[in-house]
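# Descriptive structure summary
Here is how the chains run, residue by residue.
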Amino acid sequence: MSKIIYKYHKQIDNPLHKAAFRGKVDKINSLLNDFSPYKTTSESETPLHLALSKGHLDAANIFLTILENDLTAAKQFLRDH
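Anyway, here's the lowdown on the structure attached to this text. (Residues numbered from 1 in each chain as written. Predicted model: local features only at pLDDT ≥ 70, side-chain atom pairs only at ≥ 80, totals over all residues. Heavy atoms only, no water.)

### Points about the overall build of the chain
Looking only at helices and strands, the chain has five helices and zero strands in total. Listed by position from the N terminus, the elements making up the chain come as α-α-α-α-α. Each of the 81 residues in the chain was classed as buried or not, and the buried ones make up 27%. Relative to all contacts within the chain whose residues are 6 or more apart in sequence, the contacts with residues 24 or more apart total 54%. Carbon and sulfur atoms make up 55% of the accessible area of the chain, which totals about 5500 Å². (Helix = DSSP H or I, 4+ residues; strand = E, 2+ residues; numbered from the N terminus. Buried < 20%, exposed > 50% of the residue type's maximum accessible area, 1.4 Å probe, protein only. Contact = heavy atoms within 4.5 Å. Areas by Shrake-Rupley, 256 points an atom, 1.4 Å probe, with all protein chains shown as cover.)

### Section: the nonpolar core
Core analysis: the largest hydrophobic core is formed by 13 residues, its most contacted members being L16, A20, I28, A51 and F63. Only α2 (15–22), α3 (25–31), α4 (47–53) and α5 (57–80) provide two or more residues apiece to this core. (Core = buried A, V, L, I, M, F, W, Y, C linked by side-chain atoms within 4.5 Å.)

### Looking at α5
Along its 24 residues, α5 runs 34 Å from first to last C-alpha, staying within 8% of the 34 Å computed at 1.5 Å per residue. Residues of α5 that are buried: A59, A60, I62 and F63. Contact partners of the buried residues in α5: α2, α3 and α4. (Expected span 1.5 Å × (residues − 1).)

### Describing the environment of D13
Of note, D13 is situated in the loop between α1 (3–9) and α2. What makes D13 buried here is its relative accessible area of 8%. Each C-alpha atom, one on D13 and one on K39, is 9.1 Å from the other, the two residues being 26 residues apart in sequence.

The structure is reproduced here in C-alpha coordinates:
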(Lines give C-alpha, C1' and ligand atoms only; values in the text may rest on other atoms or scores of the structure.)
Protein backbone atom coordinates (compact mmCIF):
# COMPACT_ATOMS: atom_id res chain seq x y z
CA MET A 1 0.00 0.00 0.00
CA SER A 2 1.42 3.36 -0.90
CA LYS A 3 1.89 6.09 1.67
CA ILE A 4 -0.54 8.25 -0.29
CA ILE A 5 -3.37 5.71 0.08
CA TYR A 6 -2.48 5.23 3.73
CA LYS A 7 -2.68 8.96 4.44
CA TYR A 8 -6.20 9.13 3.04
CA HIS A 9 -7.38 6.44 5.45
CA LYS A 10 -5.42 7.39 8.55
CA GLN A 11 -8.40 9.10 10.17
CA ILE A 12 -10.17 5.74 10.51
CA ASP A 13 -7.11 3.64 11.34
CA ASN A 14 -5.91 3.32 14.90
CA PRO A 15 -2.44 4.01 16.34
CA LEU A 16 -1.58 0.30 16.25
CA HIS A 17 -2.10 0.27 12.48
CA LYS A 18 0.18 3.28 12.13
CA ALA A 19 2.88 1.75 14.33
CA ALA A 20 2.75 -1.51 12.34
CA PHE A 21 2.89 0.40 9.04
CA ARG A 22 5.98 2.24 10.27
CA GLY A 23 7.59 -0.81 11.96
CA LYS A 24 7.74 0.82 15.38
CA VAL A 25 8.20 -2.26 17.58
CA ASP A 26 8.33 -0.39 20.92
CA LYS A 27 5.17 1.52 20.04
CA ILE A 28 3.41 -1.68 18.94
CA ASN A 29 4.21 -3.34 22.27
CA SER A 30 2.89 -0.35 24.22
CA LEU A 31 -0.35 -0.23 22.20
CA LEU A 32 -1.31 -3.91 22.34
CA ASN A 33 -3.19 -3.47 25.63
CA ASP A 34 -5.43 -0.83 24.08
CA PHE A 35 -5.97 -2.03 20.50
CA SER A 36 -6.83 -5.39 18.97
CA PRO A 37 -4.18 -6.85 16.68
CA TYR A 38 -7.06 -8.21 14.57
CA LYS A 39 -8.84 -4.89 13.91
CA THR A 40 -8.75 -4.13 10.21
CA THR A 41 -8.27 -0.83 8.45
CA SER A 42 -10.74 0.60 5.97
CA GLU A 43 -8.77 -1.40 3.38
CA SER A 44 -9.37 -4.66 5.34
CA GLU A 45 -5.74 -4.94 6.44
CA THR A 46 -4.68 -6.03 9.90
CA PRO A 47 -1.57 -4.65 11.59
CA LEU A 48 0.17 -7.86 10.45
CA HIS A 49 -0.69 -7.07 6.82
CA LEU A 50 0.61 -3.53 7.21
CA ALA A 51 3.89 -4.62 8.79
CA LEU A 52 4.47 -7.25 6.12
CA SER A 53 3.56 -4.90 3.27
CA LYS A 54 6.36 -2.56 4.34
CA GLY A 55 8.89 -5.33 5.10
CA HIS A 56 8.97 -4.72 8.86
CA LEU A 57 9.76 -8.28 9.88
CA ASP A 58 10.33 -7.58 13.59
CA ALA A 59 6.93 -5.92 13.79
CA ALA A 60 5.29 -8.73 11.81
CA ASN A 61 6.77 -11.31 14.19
CA ILE A 62 4.98 -9.66 17.10
CA PHE A 63 1.64 -10.16 15.37
CA LEU A 64 2.52 -13.68 14.20
CA THR A 65 3.34 -14.66 17.79
CA ILE A 66 -0.01 -13.32 18.97
CA LEU A 67 -1.79 -15.20 16.19
CA GLU A 68 0.07 -18.41 16.99
CA ASN A 69 -0.77 -18.12 20.71
CA ASP A 70 -4.43 -17.45 19.97
CA LEU A 71 -4.65 -20.37 17.54
CA THR A 72 -3.03 -22.68 20.08
CA ALA A 73 -5.53 -21.58 22.74
CA ALA A 74 -8.44 -22.06 20.33
CA LYS A 75 -7.27 -25.54 19.39
CA GLN A 76 -6.94 -26.46 23.06
CA PHE A 77 -10.44 -25.15 23.75
CA LEU A 78 -11.83 -27.26 20.91
CA ARG A 79 -10.02 -30.37 22.16
CA ASP A 80 -11.41 -29.80 25.66
CA HIS A 81 -14.98 -29.38 24.45
